[in-house]
Amino acid sequence: MAEKTFEVEIITPLGIFFSGSVSRLRLPGVMGQLGILANHAPLLAMLEPGITSYVQGDKITQIVTGTGFAQINNNHATVLVEVAETPGKVTQTANDIGDLSPDTREAKLLTKAREKLAQTLSEQP
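Throughout what follows, the structure given in this document is the object of discussion.

## Some points on the overall build of the protein chain
Working step 1: The helix and strand tally for the protein chain stands at one helix and 10 strands.
Working step 2: Listing the helices and strands of the protein chain from first to last along the sequence gives β-β-β-β-β-β-β-β-β-β-α.
Working step 3: Within the protein chain, buried positions represent 38% of all 125 residues.

This is the structure in structure tokens:
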């Protein structure tokens, strides 16, 4: 039996990073990890920099996302974040253009997420 899916949009100031149907979504909430499945109750959550993952069929995609918000409603998740990037492809962030000091908590969390994802991917066969 196929897993139920729901729509997800991940949006940055540069535009839509991802839009599609997924069966599972994991977000780095400020109070801890958020796991989202189809038919989730309505939710509005603050996000911190970390690793976001989503599942499409048998494929799990992990990306680094920055600070933002997520809204879940009627089988649709809208994720608004400062930055979203795939492993090895760092996008320009507030940190890169000097708006975010490298010693802030947010900049450190973003760097930590990039390093953790790179390490996870290097350990896979």
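## Some points on the layout of surface pockets
Picture a little ball the size of a water molecule; that probe, rolled over the atoms, points out where space is still empty.
Working step 1: Looking at the largest pocket, its volume works out to about 560 Å³.
Working step 2: Along the wall of the largest pocket there are 27 residues; nearest its centre are Arg26, Gln33, Ile51, Ser53 and Lys116.
Working step 3: Looking at the lining of the largest pocket, the elements that each hand over two or more residues are strand S3 (24-29), strand S4 (32-37), strand S6 (50-56), strand S7 (59-65) and helix H1 (105-123).

## A look at the pattern of salt bridges
Working step 1: All told, the structure shown has two salt bridges when counted by the stated rule.
Working step 2: A salt bridge links Arg24 to Glu3; the nearest nitrogen and oxygen atoms lie 3.9 Å apart. Taken together, the positions of Arg24 in strand S3 and Glu3 in the segment before strand S1 (6-12) put the pair 21 residues apart, joining distant regions of the chain.
Working step 3: The exposure class of Arg24 is partly exposed, given its relative accessible area of 37%.
Working step 4: Here Glu3 falls in the partly exposed class, since its relative accessible area comes to 44%.
Working step 5: Linking Arg114 and Glu85 is a salt bridge whose minimum nitrogen-to-oxygen distance equals 2.5 Å. Linking Arg114 in helix H1 with Glu85 in strand S10 (residues 84-85), this pair joins segments that are 29 residues apart in sequence.

## Focus: the side chain of Glu85
Working step 1: In this structure Glu85 comes out as buried when scored by relative accessible area, which is 2%.
Working step 2: Reaching out from Glu85, the side chain makes a polar contact with the side chain of Arg114 at a distance of 2.5 Å.

## Let's talk about the pairing of S7
Successive residues of a regular strand alternate their side chains across the two faces of the sheet.
Working step 1: Sheet topology places S6 next to S7; seven bridges connect them, and they run antiparallel. Paired with Ser53 across the strands is Gln62, a residue of S7.
Working step 2: Hairpin remark: S6 followed by S7, antiparallel, with two residues in the connecting loop; positive phi at Gly57, about 65°.
Working step 3: The pairing of S7 with S10 spans two bridges and is antiparallel. Paired with Val64 across the two strands is Glu85, which belongs to S10.

Conventions and cut-offs
Residues numbered from 1 in each chain as written. Predicted model: local features only at pLDDT ≥ 70, side-chain atom pairs only at ≥ 80, totals over all residues. Heavy atoms only, no water. Helix = DSSP H or I, 4+ residues; strand = E, 2+ residues; numbered from the N terminus. Buried < 20%, exposed > 50% of the residue type's maximum accessible area, 1.4 Å probe, protein only. 1 Å grid on protein atoms, 1.4 Å probe; cavity = no way out; pocket = protein on both sides within 12 Å on 5 of 7 lines; lining within 4 Å. Points joined across faces, edges and corners; volume = space filled by probe spheres on them. Salt bridge = Lys/Arg side-chain N within 4 Å of Asp/Glu carboxyl O. Polar contact = N/O pair within 3.5 Å; in protein donor to acceptor, adjacent residues only side chain to side chain. Pairing = 2+ DSSP bridges.

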